[in-house]
Structure formats: structure tokens, C-alpha cells
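Observations on the model geometry
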Amino acid sequence: MKEFERKQLLERVNREGATIGVDIPDRIDVQGEEVELRDFVFEIKRRERVPNGEKERVDRAKKNLRRERLQRLQRIEENEVSYEEGQRLVESIVGIDRALNALEQLRPANLEQEAQLQEAQDQKRWMNFLKQALGRDGGASKRGGR
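Rules used throughout
- Residues numbered from 1 in each chain as written.
- Predicted model: local features only at pLDDT ≥ 70, side-chain atom pairs only at ≥ 80, totals over all residues.
- Heavy atoms only, no water.
- Helix = DSSP H or I, 4+ residues; strand = E, 2+ residues; numbered from the N terminus.
- Buried < 20%, exposed > 50% of the residue type's maximum accessible area, 1.4 Å probe, protein only.
- Contact = heavy atoms within 4.5 Å.
- Areas by Shrake-Rupley, 256 points an atom, 1.4 Å probe, with all protein chains shown as cover.
- Polar contact = N/O pair within 3.5 Å; in protein donor to acceptor, adjacent residues only side chain to side chain.
- pLDDT = per-residue confidence, 0-100.
- Patch = residues over 30% accessible without salt bridge, like charges linked within 9 Å, V, L, I, M, F, W, Y side chains within 5 Å.
- Salt bridge = Lys/Arg side-chain N within 4 Å of Asp/Glu carboxyl O.
- Phe/Tyr/Trp six-rings, centres within 6.5 Å; stacked < 30°, edge-to-face > 60°.

Moving on: the overall build of the protein chain. The number of helices and strands found in the protein chain is six helices and four strands. Reading the protein chain from its N end, one meets helices and strands in the order α-β-β-α-β-α-α-β-α-α. Buried positions account for 31% of the 146 residues belonging to the protein chain. Look at the contacts in the protein chain between residues 6 or more apart in sequence, and 68% of them connect residues 24 or more apart. Accessible area for the protein chain stands at about 10,300 Å²; split by element, carbon and sulfur atoms hold 45% of it.

As C-alpha cells, then:
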């Protein structure tokens with residue numbers, strides 16, 4: 001492949017919005033194992049949150065997808081492929097990026113619970129601060145405060 005073709009392919013992979021309008025591949029070979037990528041992503045995404053029992057599976061999938069993406073990108077960067085193969089790699093990389101974007105948007109199942117707990121702790125700290133600032137702390141009244 002010619003240098004300008006390689007640069008063109010790399011620019012396409014790194015382009016802002018490269019995943020817009022791109023479908024997640026049905027199947028993809030990830031780290032030597034064929035994965036039903038589209039089904040996996042939609043199965044997880046349908047739940048809107050990562051169930052506690054699935055978090056490790058999703059994290060492992062994201063890690064493997066990132067590793068596979070990097071290896072495919074390096075094949076283009078190191079000019080180890082023909083232009084046609086480079087085009088196929090770019091399509092697969094953008095599809096992997098699309099899948100990763102979908103998986104990254106998922107929230108942990110207990111995120112709402114964590115937010116409520118954090119808010120309750122913040123309110124408690126605020127009330128303690130106000131009590132101390134207004135001299136209504138239990139210790140302040142014993143010392144001759146109000």
C-alpha cells in the first residue's frame with residue numbers, strides 16, 4: 001500500500017464521528033475467538049444497566065475489544081497489509097469502536113443507589129456543619145453555648 005493510502009485509512013479510523021451511522025458487526029474474531037458481537041452488545045444494552053453478575057463479563061469484553069482494535073490498527077500503521085485489507089480492517093475497527101461506545105454508555109446497576117447514598121451523606125455533613133456553625137452542636141451547649 002502506498003503511504004498516502006495508509007495515512008488516509010488511519011485518518012478515517014481516528015476521525016471524529018467515525019462511528020456515526022456504522023453498524024456493530026454481527027460477528028468478529030476477537031483474540032482468536034469468534035464473538036457474536038452485535039447480539040452481545042444488544043443483549044447487554046437492552047437492560048440499560050450492567051447487571052451485577054454481568055459486570056465482569058462486560059469489562060472483559062471491553063478489554064478484549066480494545067486489544068483487538070489496537071492490533072488491527074497496528075497492522076495498518078506498520079503497513080503489513082494491502083490497501084484492500086486495510087479498508088476491511090478500518091471497517092472492522094470502526095465497528096469495534098461502535099460496540100465499545102455502546103458498552104461504555106452503560107451504567108452500573110447500582111449507580112442510582114450509590115447516588116442516593118452520596119446525597120444522604122452530603123445532607124448529613126451539611127446539617128452537622130450548620131449545627132456547629134450555629135452553635136447548636138451538643139458539645140457547644142455543654143460549654144456554655146446556646
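Following the structure, the description resumes.
Before going further, it helps to examine the side chain of Glu5. Looking at where Glu5 falls in the secondary structure, it is placed in helix H1 (residues 3-14). A distance of 2.9 Å separates a polar side-chain atom of Glu5 from the backbone nitrogen of Lys2.

Of all residues in the protein chain, 84% attain a pLDDT of 70 or more, and the chain-wide mean is 82. When pLDDT is averaged over each element of the protein chain, helix H4 (residues 83-104) comes out on top at 92 and helix H6 (residues 138-142) at the bottom at 50.

A cluster of nonpolar side chains, Trp126, Met127 and Phe129, forms an exposed patch at the surface whose accessible area comes to about 350 Å². Position of Met127 relative to the elements: it lies in helix H5 (residues 111-133).

Scanning all chains against the criterion turns up one aromatic pair. Consider the rings of Trp126 and Phe129, whose centres lie 5.6 Å apart with planes at 25°: the pair is stacked. With Trp126 and Phe129 both in helix H5 and three residues apart, the pair spans about one turn of that helix.

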